[in-house]
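Fold and geometry: a report
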Amino acid sequence: MKSPLLTAMLGLALTGTHAIAANAPYSAQVDGERIINANKEPGSWMSHGRTYDEQRYSPLSQITTRNVADLKLAWSADIDTSRGQEATPIVVDGAMYITTAWSMVKAYDAKSGELLWEFDPKVDRKKGVDACCDVVNRGVAVWQGKAFVGTIDGRLIALDSKTGKVLWDKITVDTTKPYTITGAPRVIKGKVLIGNGGAELGVRGYVSAYDANTGDLDWRFYTVPGNPDDGFEQPELEEAAKTWNGEWWKEGGGGTVWDSMAYDPDLDTLYIGVGNGSPWNQAIRSPGGGDNLFLSSIVALDPDDGKYKWHYQTTPGETWDYTATQHIVLADLNVKGKQRRVVMQAPKNGFFYVLDAKSGELLSAEPFAPLNWATHVDLKTGRPVENPEARYDKTGKAALVQPGPLGAHNWHPMAFNPETGLMYIPVWEQVGGYASVEKFESSGKGWNTGTDFAKGARMMMGGGKNVPKSKSYILAWDPVAQKEVWRHEFSTTRSVAGILSTAGNLIFQGDELGNFSAYDARTGEQRWTTPVQAKVVAAPSTFTIDGKQQVAVVVGARGLPKGEKSTTDASTNNSRVLVFNFDGGAQLPTDKGQVATRAEATFTPPEMFGGHEFIAQGEQSYARFCSVCHGPQAVSADPGTFPDLRSSPRIMTTDTWKAVVIDGVLAEKGMVSFKGQLTAEDAEAIRAYIVREAHR
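About the criteria used
Residues numbered from 1 in each chain as written. Predicted model: local features only at pLDDT ≥ 70, side-chain atom pairs only at ≥ 80, totals over all residues. Heavy atoms only, no water. Helix = DSSP H or I, 4+ residues; strand = E, 2+ residues; numbered from the N terminus. Expected span 1.5 Å × (residues − 1). Buried < 20%, exposed > 50% of the residue type's maximum accessible area, 1.4 Å probe, protein only. Salt bridge = Lys/Arg side-chain N within 4 Å of Asp/Glu carboxyl O. Contact = heavy atoms within 4.5 Å. Pairing = 2+ DSSP bridges. Axes fitted to C-alpha atoms, helices over the stretch in contact; angles between N-to-C directions. Disulfide = S-S within 2.5 Å.

1. A short note on helix α7 (residues 612-625)
For α7, built from 14 residues, the straight-helix expectation of 20 Å at 1.5 Å per residue is met to within 8% by its first-to-last C-alpha distance of 20 Å. Among the residues making up α7, those that are buried are Ile 615, Gly 618, Glu 619, Ser 621, Tyr 622, Ala 623, Arg 624 and Phe 625.

2. Considerations on the pattern of salt bridges
Tallied over the full model, the rule gives 40 salt bridges. Between Arg 340 and Asp 356 there is a salt bridge, with the nearest N and O atoms lying 3.0 Å from each other. Of this pair, Arg 340 sits in strand β22 (residues 338-345) while Asp 356 sits in strand β23 (residues 351-356), and the two are 16 residues apart along the sequence. With relative accessibility at 15%, the residue Arg 340 sits in the buried group. Take Asp 356: its relative accessible area is 10%, and that puts it in the buried class. Ionic pairing is found between Lys 535 and Glu 512, a salt bridge with its closest N-O pair at 4.0 Å. One end of the pair, Lys 535, is in the loop between β36 (526-531) and β37 (541-545); the other, Glu 512, is in the loop between β34 (506-510) and β35 (515-520), with 23 residues separating them in the sequence. In this structure Glu 512 comes out as buried when scored by relative accessible area, which is 17%.

3. A closer look at the side chain of Asp 130
Within the secondary structure layout, Asp 130 lies in the loop between β6 (115-119) and β7 (141-143). Filtering out sequence-adjacent residues up to four positions away, Asp 130 remains in contact with Pro 178, Thr 180 and Leu 201.

4. A word on the sheet that holds strand β13 (residues 206-211)
One open sheet accounts for 4 strands, arranged β11-β12-β13-β14; its pairing is antiparallel. The open sheet has two edge strands with one neighbour each: β11 (186-188) and β14 (217-222). Ignoring strand direction, the axes of neighbouring strands in this sheet form an average angle of 25 degrees.

5. Digging into the state of the cysteines
For the structure shown, the criterion picks out 1 disulfide. The disulfide bridge from Cys 132 ends at Cys 133, spanning 2.1 Å between sulfur atoms. Around the S-S axis, the bridge from Cys 132 to Cys 133 shows a dihedral of about -80 degrees and counts as left-handed. Look at Cys 132 and you get partly exposed, because its relative accessible area is 22%. For Cys 133, a relative accessible area of 45% translates into the label partly exposed.

Listed below in structure tokens is the structure:
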């Protein structure tokens, strides 16, 4: 029989053993309690937005406005892909986990930068044709010794956090349809939550919850109704179907949940952001109009079973690609003298929304950037008061609409600082030219947005003074007063990247110019900047090693900063993970050579050919199938990854062009065959259009 003293000692020993195991090297023993109590171990970054409320605020305060200028590079690691890098580093129990383009995962020792393991899900490079906006990935989730990643080909994979060994691998989508996954999973109450993308190509959106241990599907919530004749998966969808017209389900409907989620443990409520319609053009998608629920909505769900709680639709009957998948942030605010738990979002449409987190009641909505599609939001009805001229889908006339489809705020995470009370938003002011297509091509024929990109681009170019100039800046926004406090404007028009806020009165953000910088959170004054040799779009994270604060960021986006040179054999855009602290002594490598530009090339294009209608056909097809990667007017922003087609020797003859576009001779290098989407005549029309552009 054990003595009481021995029993007590054994209890202490077992408790100590458990505590050590929970924080053992590279164990990633994260659970809900640790995330909920993240402020008790601020040296870790355990979830995508650090905490379930997704504020991207760290209470670490060793790095301040006074000493941030002393930050140095501690270590860096090259990333072996030249595509966009969008992941937030997860750091816990001594390891750092990131994802890269093509859904690959890498784990490093957070102190030394030593590569612990790497995982390649072996995505067929042909899948790149379904990726609307590059084959990117925004990060992993970790939970009880596992790291979870969603892949561009629609899988959810669980890996051992110490070894990278595959524990389970589940297909989450109908693989016959052009679904993709680019967002980071979240884990709530033992369930791994993942959405998907693909609305530009004709899919139906939903969010799924999988058992973290087994990979079994627990529940699924569809965001738009399917064919009513097949019945409804959820009772809310029967009501939602009343807000649609025509046969929307034949084109999928859209509503993909491709990025934002947040969770309130006290209210036990999951919040998801829902995307745009498929096709964009509502006159095609839902003839006769309607709100088209739950497109462009914030939806509150029960995380246990996925049951609906409430929703708020930011853009009823959206027709401009105004997604509500942008960052959702939870916070406690004093609204009109009353403390409220709120949901905040600054989606593409340009309004900043504050909602009651429990009921979904709209508390305020004001423009945080210039817009012309609506005059204001009516707080009594909760609906925007639209400008009828912006409805190109109804008027039949082309329209210059602000914001454009890339939004006043896109996926790049914003950050909230509870000390300053400010939200820091990466804003991109830009306008879009929208026009209805003369003939709609159904799903399976590339982008099925129902908008004429070529006519819209020509309208933009011919608009002169009527087209507002693009701007990009960090906006410090007071969500209570709903007004701007300060802004830091960039010299380039599209420098937008994710933001980190800290208790050191700092915010950190990279830029398109190839810098990583820190700003005073109260004034916007730049306090530190360092060149990183690459464009930056991903959001940073911060953590501690041996009690000392570090800042990490993944760099690399399409193309190199102006005047920058390639410094790595691993990628043409200098993709890397970088870690900074006060003790660092590392250096970035020296130049390896300049990425070629069209101005440096000597190339004589072939003679122009094809009549006006044939070239116009090629312009339309190019806009739908090629422009996402190769840029408008065949000019790529990333010549190292996506060649400037105007100076490509492949356009010299029909055969050399067809070999690439139809026959897929460059498929292994990422240029997939479009045989299933384009005819040989379509391909030749595209060549005619590019040749014309080469002569301009």
